[in-house]
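Reading the structure
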Amino acid sequence: MEPTVANIGYNIYFFDFTMILLGIASVAYLVGLYGDKPSISRVGTWICVLAALSSFVALGLRWVESYQMGIGRIPVTNLYESLVFFAWSVILFHLFVERKYESLVFGAFVIPIAFVTMLFAHFYGGGGAITPLNPALQSYWLHAHVITCFVGYAAFAVSAGIAVMYLLKARSEAAKQTTGVICMFPAAKALDELVYRAIIWGFPFLTAGIITGAAWANYAWGTYWSWDPKETWSLIVWLVYAAFLHARITRGWHGRRAAILSIVGFLSTIMCYLGVNLFLAGLHSYGGG
Amino acid sequence: MVDEKRAQSPIDRVWDFLISLKLAITVLILLASASIFGTVIEQGRPDKAAQIYEDWLINIFNKTSMFDMYHSWWFLGLMFLFTLNLTCCTLDRLPRVLKVVRNPKTIFDEAFEKSLSLAGRWRKKGSMAEWTGKCTAALTASFAAPRITNDGDAVHLYAEKGVISRFGVYITHLSIIFIFLGAIIGNMIGYKGFLGLPIGDSVQFVPVRNGSELKDVGFRVRCNNFWVEYYRDQFGNPTGQPKEYASDLSIVENGQVILKKKIVVNDPLRYKGVWFYQSSYGEDKPAARMLLRRADNSAPPETFHLLFQRGEAYGVPGMGIVRLLDFQDNFEGKGPAIQVQIEKEGRQPVPMWLPSADPELDRRRGDAYVLSLQGVEQVTWTGLQVAHDPGVNIVWVGCTLMVIGIMIAFFMSHQRVWIRLSPAAEGKIDVAVGGAATRNRLAFEKNFEKIQGELKELQS
């Protein structure tokens, strides 16, 4: 269906506004980091808060507008919506981590992920049209399934961002560098711990996401697992992080190898989330077409 | 991984291999990598692959069951190894954990005190009995009730919290075994099928395994009606995209309507462990309208439809399975006719033509039933997924255990606090405190400092 004014709505102005805010926040975090100006990073944080609010308003408005169009459903059901929801989850998770660990450097690595996601949604999200739901998606399981999956994805995104920081920091520590941007990162050991912490938040959510998906599939089709590519890729992601968690118990898998595994995990998450719909055939709806 | 110092029998070596973390990680990564193949090579579609890949590759795919990869011997073998690994790990480690939990370290000796990073010491005035009472009360109030052990002159207090966190990992592992068990049971005694049921028809036999087999569900299901509602555009015209579709179904047993329900997608009907899910539909599709009579007219005649689709079949209790083979508009100049074969156990099925012009033709078969074609018409049918899965509840138990197990394993911590009271000179008491936590040490450290502060402030 061609998007018309009637099935786009005003919500996308707020999403575009969020996108611009995230662009500014990314720049602020990066300038704050490279220019060694925590006050600029602090501005980035406030812009992020504003972006989170703007996203929240946009999602709420979109929900209301979908009812006005006679479609009426939670705004997490097509590619555009899942991308903006993912970006929102990343902002929230980032703000949580930033507050909890009191370090302003994460933003430079995490918020650009949210920004790029919003850009992608803007240009490849089918114009942000509110598309009607096919009957299989009309279920209360949708809410639980999507929310748990996306909190999991967001945690993995944050973990991978910090894993990149870890790799840079570990190299700089090994070379005994004392100047430059990387020296302002938290200690490699702390970053390593954060990579792990973000994953132990993401893993239960991913598990719950897979289980709610299975329960829903069982309720809609009578099969809780059918080795559909999306299901299989979610299992692959789960297995990679399960391997990470088991590897973590042995001392040898701290640090570099754990960081690499976290990045591999996030790449498989991206494959599960977007790649499957772009390259493979299956049940999930946000194929972007 | 292998302990070199120990003399090892081959059995020990196999066991050490099975319980090793290396095996666990390897199997997880192998399962993840292997699963990728099945998502790239479309399952059950060798015809599609033939257009993409070279012949020699197709050959390899066929030999390695790549088109039904998740049920291939090697993938199931990996799953088996995975299960074996986590079972053995549990058998190896759980008894040790149980032992530690049942016999906690209650004696807080000096060597142990030195090994703890959280510890403190001070001296107080008073008697042993008085301080034992005070510390017990304080620890009970701020942490947990302690166990008191006398050891020579000294008194040791030991309190713990969150001991269940030691079992989180094993609950999670057990949950996976539950899920597999449920899946195996479902695969062995359950069945799944698809039924295209025209409005007004009722059936007792459901096609399973892609229609190659008909399953007797033990009762009849009838489609009384079917509706589809479409989304409308901004001018109020239907867009052709279905918003909702629904079937009105009845369950009929021994000629009685037992249950009636309108089902929609995501809201199935269940009767005697068999679920009927609204799945698809067909509007105005050609079908053969069949009449089924008793040869001796002992019961009223029935009608049903055979949809013109590959493998279409209809089961009649006592008579067998009627399978549609072919259709002709004008058979030997006698008008429309269909070719069917009747499959009955112990009899060779013989294809036969049934022209609508000759309703008595089937009497030649000499069966108790006489089948004839009444005509060809357009029907609307509802597409139902039919499933009977006795293992599914075990799977849900497994899933619940998994979430609980993971939460316990990650977010709970076994926290322990020890206090040693020993008499010192001049009627004073030496107090030593120590603490340890298996996880989230930062949070425990704060808690420990608080407990220690409160203990220090106690006065005699």
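Since we're looking at a predicted model, the values are computed, not measured.

1. Brief notes about the domain arrangement of chain A
All names here are of chain A.
- Partitioning chain A into domains gives domain 1 (1-133) and domain 2 (139-289).
- Here domain 1 and domain 2 share an interface that buries about 2,500 Å² over both sides, 87% of which is from carbon and sulfur atoms.
- Three residues stand out in domain 1 for area buried against domain 2, namely Phe86, Phe93 and Phe109, and they jointly supply 24% of the buried area on that side.
- On inspection of domain 1 and its partner domain 2, the count reaches zero salt bridges.
- Taken together, the links from domain 1 to domain 2 amount to two residue pairs in polar contact (both at pLDDT 80 or more).
- Residue assignment for the side of domain 1 that touches domain 2 shows that the elements contributing at least two residues are α2 (11-34), α4 (79-101) and α5 (107-124).
- Considering every element that reaches the side of domain 1 that touches domain 2, the biggest residue donor is α4, with ten residues.
- A breakdown of the residues in the side of domain 1 that touches domain 2 according to their chemical character gives 19 nonpolar, five polar and one charged.

2. Side note on the interface of chain B and chain A
- Listed per partner, the contact involves 46 residues of chain B and 46 residues of chain A.
- A per-residue breakdown of the area chain B buries against chain A is headed by Thr39, Asn266 and Phe410 of chain B, which together make up 17% of the total.
- Where chain B packs against chain A, one counts zero salt bridges.
- If you look at where chain B meets chain A, you find three residue pairs in polar contact (both at pLDDT 80 or more).
- For the side of chain B that touches chain A, a count of residues per class yields 31 nonpolar, ten polar and five charged.

3. Here's the deal with the confidence of the model for chain A
Residue and element names in this part refer to chain A.
- For chain A, the mean per-residue pLDDT works out to 86, and 94% of the residues sit at or above 70.
- Contacts of residues 1-5 to residues separated by more than four positions or lying in other chains number eight contacts, the stretch itself having pLDDT below 50.
- Across residues 285-289, confidence stays below pLDDT 50; counting only partners more than four residues off in sequence or on other chains, it has twelve contacts.

Cut-offs applied
Residues numbered from 1 in each chain as written. Chains lettered and ligands numbered in written order. Predicted model: local features only at pLDDT ≥ 70, side-chain atom pairs only at ≥ 80, totals over all residues. Heavy atoms only, no water. Domains from an automatic or database assignment. Buried area = accessible area lost by both parts, 1.4 Å probe. Salt bridge = Lys/Arg side-chain N within 4 Å of Asp/Glu carboxyl O. Polar contact = N/O pair within 3.5 Å; in protein donor to acceptor, adjacent residues only side chain to side chain. Helix = DSSP H or I, 4+ residues; strand = E, 2+ residues; numbered from the N terminus. Nonpolar A, V, L, I, M, F, W, Y, C, P; charged D, E, K, R; others polar. Contact = heavy atoms within 4.5 Å. pLDDT = per-residue confidence, 0-100.

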